[in-house]
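Each chain, letter by letter, is given below.
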Amino acid sequence: MAFNIIVCAKQVPDSDLVRIDPKTGSIIRKGVPGVLNADDANALEEALKIKDKHDDVYITVVTMGPPQAEEVLFEAIAKGADEGILINDIALASSDTFVTSTVLKTAIEKWAADNGEISLVFAGREATDGDTAQVGPQLAERLDIPQVTYASSFEISEDMKTVTISRKLEGYHEEVEVNTPCLVTAIKDLNQPRYPHMHNVFAPMKITSWNIEDLGLDADSVGLAGSPSVVISSFPLKKGKGGMFVEGESGAEQAANLLAALKDKRII
Amino acid sequence: MTDKTYRDLWVFAEQNDGVLAPASAQLLGEGTRLVKDMDGDNTLCAVVAGNEEDSRQAAADAIAYGAKKVYVIADENLTNYTTDGYTKAVCAAITEYNPDIVLYGATPQGRDLAPRIAARLGLGLTADCTRLDIKADDYIAYAQAETMLDPSTLDLDDVLLKQTKPSFGGKLMATMVCPKTKPQMATVRPGVMDSLQKDPAATGEIVAVNAGITAEDIRVTVKGKTVDAADGVALADAEIIVAGGRGLGDASGFELLQKLADKIGGVVATSGAPIDAGWIDESLMIGQTGTIVRPRIYIACGISGSIQHLAGIENSETIIAINTDKDVPIFEIADYCIVGDLYEVVPELIEHWDEYITK
């Protein structure tokens, strides 16, 4: 049986290009390209590294999003993934992380029922748009498999039954060991994502699209209706007032004026 | 939701070898304020898991920082933090005692644990909050003073916990509520809330919770820990930070910053550009993807201020920025802006600092 790996991926707006509409305070997505979320690229890369070294590894990339989120599946397959699944349904709009993890779990189990057991799930630690880092652990719980978050190095045993992972935490690394199947969330230290390969780009791509009916989910159990968390408002902060510009003709004068101001305000 | 009565505000008291995490102490400080705003009669509680000795110490710390009651799950199987062990422990306490609100520090541990608990219990969870309100008036006052939100369009009550968090790297804020499930849960960014003065004489009730943890529950084995090199002072705790950016020009610029840091009792840090250039170790990175800091004084030298970087320093008390370009974004949030060459200004600061400090 193949060693089946699921990689969870999300298309996010390129966060360097995202702008706020000054009038409405909402995000201007128009003209902002969607990209594969950064941590997810590391998650995919680690799966590809396993496939590089071992025979009979099959990588399926799953994404939930609007139709254009298919782009991240093209990208993943161009890099070497075997298959992509797009979960797309208007009813999924405004799903919180709990519902998202439920939907992903349902899709993964549907894939497994048709194709065989899952041995590993990779996800990025967090997405750059919502910044929650919640879907990975929630999905692991929903799949009832152990999780290892903040993975900065990953090694799998020759028999592919045991995984050794270094977790990058605050000021230290923790080494852990876990048996497959398990879910691992990747951070950028984990690896250097590769570029797409031309011969993959031109090969036929296996991409499947599922809606909630395909997954056997009820519209009331997903989206805003099914989510325990509800966004009541979103808004930018007021622009900072900006501080005082420290006068001075030279570095020496500026330094002296700064120190005087700091002393005056009892900051030093 | 069932007819169960949910009351009290709990803080997950994260401990490392028996020492309460600063983020948990800060949450107890915030909890002291919030618990008064809750509907009905509520108590500020902590929940702590660990082995016998560590959990006892951390419980005492939690009481010293304001908890009136501590639920303790003491078990040798909880000596190391593991997702499996701690999830089972905290879930047992929550389902037995039904708190109305549970807060976790948005530390690596809190962000590993809280979503697992939320998924197991089917609860809403808001990640990495920087503000919490219960009273509608408090939220409205915040919205008017600090945001571009028009709160008059909102239907606000005085009951639900309003959980405000940054998204898109701080470009946008969002406020969430969890109206359908209890307890309401959130992780809260370290360094944003204020802890109370530690009071070793404070007293509180200890409630032992038996979660029946077995070795088989724990599927991930902790093999060891390696403390990272070149990270003597935790940036997150530093009082004074001297940070350098692309404007340093090369790696040797950090030597000058180190001299300033030594003079004023600070630590050196970096924005993203010097790491990309290979000038300095990545562990010293400040920003949304590095460490979020909250120093008393932040001195930014040759840093223009990307969104990611600004998200990491916005809670600094005083920001001083030195840059040759007067139009850089960091000047929009800095308290003191110096348009000039850091190589001219910084040596002067080093030389004359002592003349100005208040003894």
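Residues numbered from 1 in each chain as written. Chains lettered and ligands numbered in written order. Predicted model: local features only at pLDDT ≥ 70, side-chain atom pairs only at ≥ 80, totals over all residues. Heavy atoms only, no water.

With that settled, the discussion passes to the domain arrangement of chain B. Residue and element names in this part refer to chain B. Once the domains are mapped, chain B shows domain 1 (9-217) and domain 2 (232-353). Taken together, both faces of the contact between domain 1 and domain 2 bury some 710 Å²; the carbon and sulfur share is 47%. When the shortest N-O distance is used, the salt bridge between Arg294 and Asp194 registers 3.2 Å. Across the contact surface, domain 1 and domain 2 share four residue pairs in polar contact (both at pLDDT 80 or more). Of the residues that constitute the side of domain 1 that touches domain 2, the class distribution is three nonpolar, two polar and three charged. (Domains from an automatic or database assignment. Buried area = accessible area lost by both parts, 1.4 Å probe. Salt bridge = Lys/Arg side-chain N within 4 Å of Asp/Glu carboxyl O. Polar contact = N/O pair within 3.5 Å; in protein donor to acceptor, adjacent residues only side chain to side chain. Nonpolar A, V, L, I, M, F, W, Y, C, P; charged D, E, K, R; others polar.)

What follows is about the interface of chain A and chain B. On the side of chain B, 83 residues touch chain A, which itself brings 83 residues to the contact. Summed over both sides, the interface of chain A with chain B buries roughly 7200 Å², with 56% coming from carbon and sulfur. For the chain A face of the interface with chain B, the top three residues by lost area are Glu141(A), Ile232(A) and Phe235(A), together amounting to 10%. A salt bridge links Glu141(A) to Arg120(B); its shortest N-O distance comes to 2.8 Å. At the boundary of chain A with chain B, the tally comes to 35 residue pairs in polar contact (both at pLDDT 80 or more). The leading source of residues in the side of chain A that touches chain B is helix α7 (residues 251-264) of chain A, at 11 residues. Alignment of strand β11 (residues 172-179) of chain A against strand β13 (residues 220-227) of chain B, held across seven bridges, turns out to be antiparallel. Bridge pairing links His173(A) to Thr226(B) in β13(B). (Contact = heavy atoms within 4.5 Å. Helix = DSSP H or I, 4+ residues; strand = E, 2+ residues; numbered from the N terminus. Pairing = 2+ DSSP bridges.)

Now for the packing of α7(A) against helix α10 (residues 342-356) of chain B. α10(B) packs onto α7(A) with a crossing angle of 40 degrees between their chain directions and a minimal axis gap of 8 Å. With respect to their mutual orientation, α7(A) and α10(B) come out oblique. Crossing handedness for the pair α7(A) and α10(B): right-handed. Judged by residue contacts, Gly251(A), Ala252(A), Gln254(A), Ala255(A), Ala256(A), Leu258(A), Leu259(A), Ala260(A) and Lys263(A) of α7(A) engage Glu344(B), Val345(B), Glu348(B), Leu349(B), His352(B), Trp353(B) and Tyr356(B) from α10(B). Across the contact of α7(A) with α10(B), the residue classes tally to 10 nonpolar, three polar and three charged. (Axes fitted to C-alpha atoms, helices over the stretch in contact; angles between N-to-C directions. Parallel < 35°, antiparallel > 145°, perpendicular 65-115°, else oblique. Left-handed = near helix turned anticlockwise from the far one by under 90°.)

Below, the discussion takes up the pairing of strand β1 (residues 3-9) of chain A. Residue and element names in this part refer to chain A. Within β1, seven of the seven residues are buried, which leaves the element mostly enclosed by the surrounding structure. Across seven bridges, β1 lies against strand β6 (residues 57-64) in parallel orientation. The partner of Cys8 across the bridge, within β6, is Val62. Pairing analysis gives five bridges linking β1 to strand β8 (residues 118-124), with the strands arranged parallel. In the strand pairing of β8, Val7 is matched with Phe122. (Buried < 20%, exposed > 50% of the residue type's maximum accessible area, 1.4 Å probe, protein only.)

Moving on, we come to a negative patch on the surface. Together, Asp39(B), Asp137(B), Asp138(B) and Asp158(B) make up a negatively charged patch on the protein surface. Tracing the sequence through the fold places Asp137(B) in helix α5 (residues 136-146). (Patch = residues over 30% accessible without salt bridge, like charges linked within 9 Å, V, L, I, M, F, W, Y side chains within 5 Å. Areas by Shrake-Rupley, 256 points an atom, 1.4 Å probe, with all protein chains shown as cover. Lys, Arg positive; Asp, Glu negative; His and termini not counted. Charge placed at Lys NZ, Arg CZ, Asp CG, Glu CD.)

A few words on the packing of aromatic side chains. Using the criterion set out here, one finds nine aromatic pairs over all chains in the structure. Note on Phe235(A) and Tyr142(B): the rings are 6.4 Å apart at their centroids and 70 degrees apart in plane angle, and the pair reads as edge-to-face. Highlighted residues: Phe235(A) in strand β14 (residues 230-235) and Tyr142(B) in helix α5, drawn from two different chains. Seen in terms of ring centroids, Phe245(A) and Phe331(B) are 5.3 Å apart; in terms of plane orientation they differ by 70 degrees. Their pairing is edge-to-face. A residue pair is termed interchain when its members come from two chains, as with Phe245(A) in strand β15 (residues 244-245) and Phe331(B) in helix α9 (residues 330-333). A relative accessible area of 40% means that Phe245(A) is categorised as partly exposed. Judged by relative accessible area, Phe331(B) falls into the buried class, the value being 4%. Clustering of aromatic rings is evident, with ring pairs tying together Phe235(A), Tyr139(B) and Tyr142(B). Positioned above the aromatic ring of Trp210(A) is the side chain of Lys110(A), whose terminal nitrogen or guanidinium carbon lies 5.0 Å from the ring centre. (Phe/Tyr/Trp six-rings, centres within 6.5 Å; stacked < 30°, edge-to-face > 60°. Lys NZ or Arg CZ within 6 Å of the ring centre and 35° of its normal.)

Applying the stated criterion across every chain yields a total of 32 salt bridges over all chains. Notably, a salt bridge pairs Arg125(A) with Glu126(A), separated by 3.3 Å at the nearest N-O pair. With a shortest N-O distance of 3.8 Å, Arg111(B) and Asp128(B) are connected by a salt bridge. Remark: Asp128(B) occurs in strand β7 (residues 125-129) and Arg111(B) occurs in helix α4 (residues 108-121); sequence separation between them is 17 residues. For the pair Arg111(B) and Asp128(B), one class covers both residues: buried. Each of Arg125(A), Glu126(A), Arg111(B), Asp128(B), Arg189(B) and Glu314(B) takes part in one network of salt bridges that share partners.

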